[in-house]
Structures are given as C-alpha cells and as structure tokens.
Amino acid sequence: VIVLAMAKNVKKLTLANKLAKRGDLIKPTEIKSRPNRADNVRDIEDLVGVSAGAAGSSSSVFFSPVQTRKQRLLNGEAVKKTNIKMEPLSPARVAPKKFRKDDRMVTRVQMGSATVVICKVVPDAVDSPVRVDKIREEVEPQIKQEAPEDSPSFSEVQAPHPLWFNHLENIRIMRNSRTAPVDTMGCHRCADLKADSKTQRFQNLVALMLSSQTKDRTTYEAMNRLKDRGLTPLKVKEMPVTELENLLHPVSFYKNKAKYLKQTVEILTDKYGSDIPDNVKDLVALPGVGPKMAHICMAVAWNKITGIGVDVHVHRLSNRLGWVPKPTKEPEQTRVALEKWLPFSLWSEVNHLFVGFGQTICTPVKPNCGECLNKDICPSAHAETKEKKKK
C-alpha cells in the first residue's frame, strides 16, 4: 500500500526525483491482486513497468532496501521457504515470537505496538487428558445434600394456573420493594403493645370489625381515638352509643359498627370473661364478625392458622391471576376455592401479600400493569386497555 501510494505521487516526492536521475524508475500502471495473502503485502513485481527493461531488470532502481524475489532469482539465489505459521491477526513482516514450552497455553497476538495475550485457563474436555467429570467429583462434596423435611415442594400442586408459583414469587419481590398502608396501619398494628395479652386480643378484634370496607388509615386513626379513651370491653360497655359513634366516625357504616361493638362486648363479658373466643365458630357467631375477620383474628390474636382471610383485595387478585377455577362473585367463594388447592404453608402470608399488592400496584381501578413483574404471565394484564381498543 505504501509502495503504491509513493508510486502514484512519484513526481511530487523529492526522494523519487533524485532516484529518477540515477536510472530507470518503474511507473506502475496495473496492480495484480493476490487474494490468498494473509499479510496483505505486495512485492515490487506486482507492479508492471511501462518500459520493457524496467520490469524485472537488474539495472532498474527501486527505492526499497530489500531486493525483490525476481532480482534474487536473477542473481542465482534460491528463494528461502520458511515454515513459520502466521498468526491470523499478525501485521505484515512481523515474525511470530517463539514461545517457551511453559507458554503452550498462551497465545500472543501482536497488534501494532500492543500485544494481546489469550490464555486458556482450562483446556477443552475433549482434548484434555483430565476429564471434567473427574474434576467435578473431586470438587463437589461426597455427602448427599438432602432437602429438609419441612421444605415446601409444590411441583404436584394442581393449581388452576400453571404459573401460580411464579406469580407468588414476583409478588413477594414487589412487596419487599414497596411499602403498603397495610404494613404500617393494618389491623395487626392497631393493638396497644403495652396492654396485657387479653386486651390486645380484644383490640385486634375491634380493629378487624372496623376495617370492613374501610381504608387502613381511617381504621388506624379511629383505633387511636378509642385507645386514648381506654379500649377495653368494660370501657366500651359503659360508653354511650352516641359517643362511640363520634369516635368511630368517619369509618364506613360507623353507626352499625358501633351497635355491633356494643352487642359484642356484652357477649364477651358475660360468656368469655372479657376475652375473645379461640375458635372460628364462636368468633363468627359474634355480631358484625364474618369468616374473613375470624380467620385473620385467629392468626393475629391466637397465632393459629385456620383459613385464608379473603377480603376485597385477595378476592380481586385471585380472579385476575386465574387462581380460581372459575370466576367467583363473593370473597367467601374465593376462600373456599383457594383452600382446595393452595398449600397450607402459604395460607398465612396470602392475605398480607395480596392486600399490600392490591393497594400499591394491582389497584381496583387502572392497575399499574406496566410496573408489575407478572405482566407477561398474568391473564388479566392490560385488560382495560384491550377492551378500549376493541370498542
């Protein structure tokens, strides 16, 4: 390339002009291509001279310190053949470096002024006398790792949706990255930790009764007002209904809940010694207490898992994710459908996970499907957008 450029600009070069006075100068008119040359270098015989005596003439002068192959042949010298294996990325006229025996695993490639070293850390299993299986046997422990007996295995669960566990894992990740109102103001946060255990159980029940169709913040603030007045069965029993209604406002259906609360404390003081029942059957028998409240109360107050607490959030998400065989209309229907297939070890966390997820991402109106990790595996993802496009 350098020779060609200098030959084209021969009249402009001072050195070429001086050399031209000393003899015939080759003026290139055509380039013979050599396609299979790895070094991409042309010798001087690749240039065809104009005059007959120029090309291949021993008297012709060319400004190169190295004789051409044709000149060496005319002088009676044999062309020396070398068996040097050229590296594919080696530049022209750079002889490969002879490596020591210790460097068999190393390949050095000269890239201009830099040297690239390619090392093979582990030889291929086919060429290596040391088998990978043998290395693995030496490295891995010989003791069999058995899974603990209590570790959950859900491979045989007959769930309505085949990717239900992926849904659950993604919801866990999303819940850990974002705080929901239920985490700080849920019913399990409303009891006075300084009170005795019997009073705390009663306050847990009251918080659940007030939480029906009410936001967590509204319930939490009403519970604080009640605790300031002394939230015990005896205090509520002695409190006038109107005063109790004023303390509960603006809780949803606060008048009905005040009436239920007054009736409940009468039963608790007369039948349970100012404590709450320790079973779902008796809890559901109390005024204003449903199955959802009973199961959550058993988990929070008595630390016993008796069922899944299904509220509006759990009911909505279970239908959206396809966790029920067919769509359900009531939370109680959803609870029965979930308990038929969901492993018992997951009953305790479903309510808390789904409630917080329903408050932050999978909201009742305009759910944030774009932020949800289940957007590609959820049957209801972008359902509202799809319906609008159809219209």
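Predicted model, so just to flag it, every value in this text is computed and none were measured.

Trainee: Which residues make up the overall build of the protein, and what values do they have?
Mentor: From N to C terminus, the protein includes 17 helices and two strands. For the protein, buried positions account for 34% of its 391 residues. For the protein, long-range pairs separated by at least 24 residues make up 55% of all intrachain contacts whose partners lie at least 6 apart in sequence. For the protein, the accessible area works out to roughly 25,700 Å², and carbon and sulfur atoms hold 53% of it.

Trainee: Can you tell me about the side chain of Asn 351, naming the residues and giving the values?
Mentor: Of note, Asn 351 is situated in helix 16 (residues 347-360). Among the polar contacts made by the side chain of Asn 351, one reaches the main-chain carbonyl oxygen of Gly 309 at a distance of 2.5 Å. Excluding its chain neighbours within four sequence positions, the residues that come into contact with Asn 351 are Ile 296, Gly 309, Val 310, Asp 311 and Val 314.

Trainee: Account for the state of the cysteines, naming residues and giving values.
Mentor: A complete count under the given rule lists zero disulfides for this structure. Here Cys 190 is not disulfide-linked; the sulfur of Cys 187 is the nearest cysteine sulfur, at 5.6 Å. Residue Cys 190 is classed as buried on the basis of its relative accessible area of 1%.

Trainee: Describe the environment of Leu 317, with residues and values.
Mentor: Considering the arrangement of structural elements, one finds Leu 317 in helix 14 (residues 312-321). Apart from the residues lying within four places of it in its own chain, the contact partners of Leu 317 are Phe 354, Phe 357, Gly 358 and Cys 362.

Trainee: Quick one: what's the story with the nonpolar core, residue by residue and with numbers?
Mentor: Side chains of nonpolar character tend, in soluble globular proteins, to be buried together. Residues Leu 205, Val 206, Leu 210, Met 223, Leu 226 and Leu 244 are the most contacted members of the largest nonpolar core, which totals 33 residues. Of all the elements, helix 7 (residues 197-211) adds the most residues to this core, at seven residues. Apart from residues lying up to four places away in sequence, Met 223 is in contact with Cys 190, Gln 203, Val 206, Ala 207, Leu 210 and Leu 231. In this structure, Val 182, Val 355, Phe 357 and Cys 378 belong to the second largest nonpolar core, which totals 28 residues.

Trainee: With reference to specific residues and values, describe the side chain of Arg 335.
Mentor: Position of Arg 335 among the secondary structure elements: in helix 15 (residues 331-341). Arg 335 sits in the buried class, given a relative accessible area of 13%. Among residues more than four places away in sequence, those in contact with Arg 335 are His 295, Ile 308 and Val 310.

Trainee: Give me the packing of aromatic side chains: which residues, what numbers.
Mentor: For the structure shown, the criterion picks out eight aromatic pairs. Their ring planes at 65° and their centres at 5.6 Å tell us that Phe 154 and Trp 164 sit as a pair that is edge-to-face. Taken together, the positions of Phe 154 in the loop between helix 4 (132-139) and helix 5 (164-177) and Trp 164 in helix 5 put the pair 10 residues apart, joining distant regions of the chain. Classification of Phe 154 by relative accessible area gives buried; the value is 17%. Through a chain of ring-to-ring contacts, three or more aromatic side chains come together here, namely Phe 154, Trp 164, Phe 165, Trp 323, Trp 341 and Phe 354.

Trainee: Please give an account of the environment of Ser 345 that cites residues and values.
Mentor: Following the sequence through the fold, Ser 345 ends up in the loop between helix 15 and helix 16. Placed 40 residues apart in sequence, Ser 345 and Ile 305 show a C-alpha to C-alpha distance of 9.4 Å.

Trainee: Tell me what's going on with the packing of helix 8 (residues 216-229) against helix 10 (residues 241-248), and back it up with residues and numbers.
Mentor: Contact geometry for helix 8 and helix 10: axes closest at 8 Å, N-to-C directions at 135°. The angle between helix 8 and helix 10 places the two elements in the oblique class. Of helix 10, the residues touching helix 8 (which contributes Ala 222, Arg 225, Leu 226 and Arg 229) are Glu 243, Leu 244, Leu 247 and Leu 248. Among the residues forming the contact of helix 8 with helix 10, the class breakdown is five nonpolar, no polar and three charged.

Trainee: Run through the confidence of the model for the protein, naming residues and quoting values.
Mentor: Taken residue by residue, the protein gives an average pLDDT of 78. The fraction at 70 or more is 59%. For the stretch residues 47-65, pLDDT sits under 50, and the model shows 27 contacts to residues farther than four places along the chain or on other chains. Note that residues 139-151 has pLDDT below 50 and, in this model, one contact with residues that lie over four places away or in other chains.

Cut-off values and rules
- Residues numbered from 1 in each chain as written.
- Predicted model: local features only at pLDDT ≥ 70, side-chain atom pairs only at ≥ 80, totals over all residues.
- Heavy atoms only, no water.
- Helix = DSSP H or I, 4+ residues; strand = E, 2+ residues; numbered from the N terminus.
- Buried < 20%, exposed > 50% of the residue type's maximum accessible area, 1.4 Å probe, protein only.
- Contact = heavy atoms within 4.5 Å.
- Areas by Shrake-Rupley, 256 points an atom, 1.4 Å probe, with all protein chains shown as cover.
- Polar contact = N/O pair within 3.5 Å; in protein donor to acceptor, adjacent residues only side chain to side chain.
- Disulfide = S-S within 2.5 Å.
- Core = buried A, V, L, I, M, F, W, Y, C linked by side-chain atoms within 4.5 Å.
- Phe/Tyr/Trp six-rings, centres within 6.5 Å; stacked < 30°, edge-to-face > 60°.
- Axes fitted to C-alpha atoms, helices over the stretch in contact; angles between N-to-C directions.
- Parallel < 35°, antiparallel > 145°, perpendicular 65-115°, else oblique.
- Nonpolar A, V, L, I, M, F, W, Y, C, P; charged D, E, K, R; others polar.
- pLDDT = per-residue confidence, 0-100.

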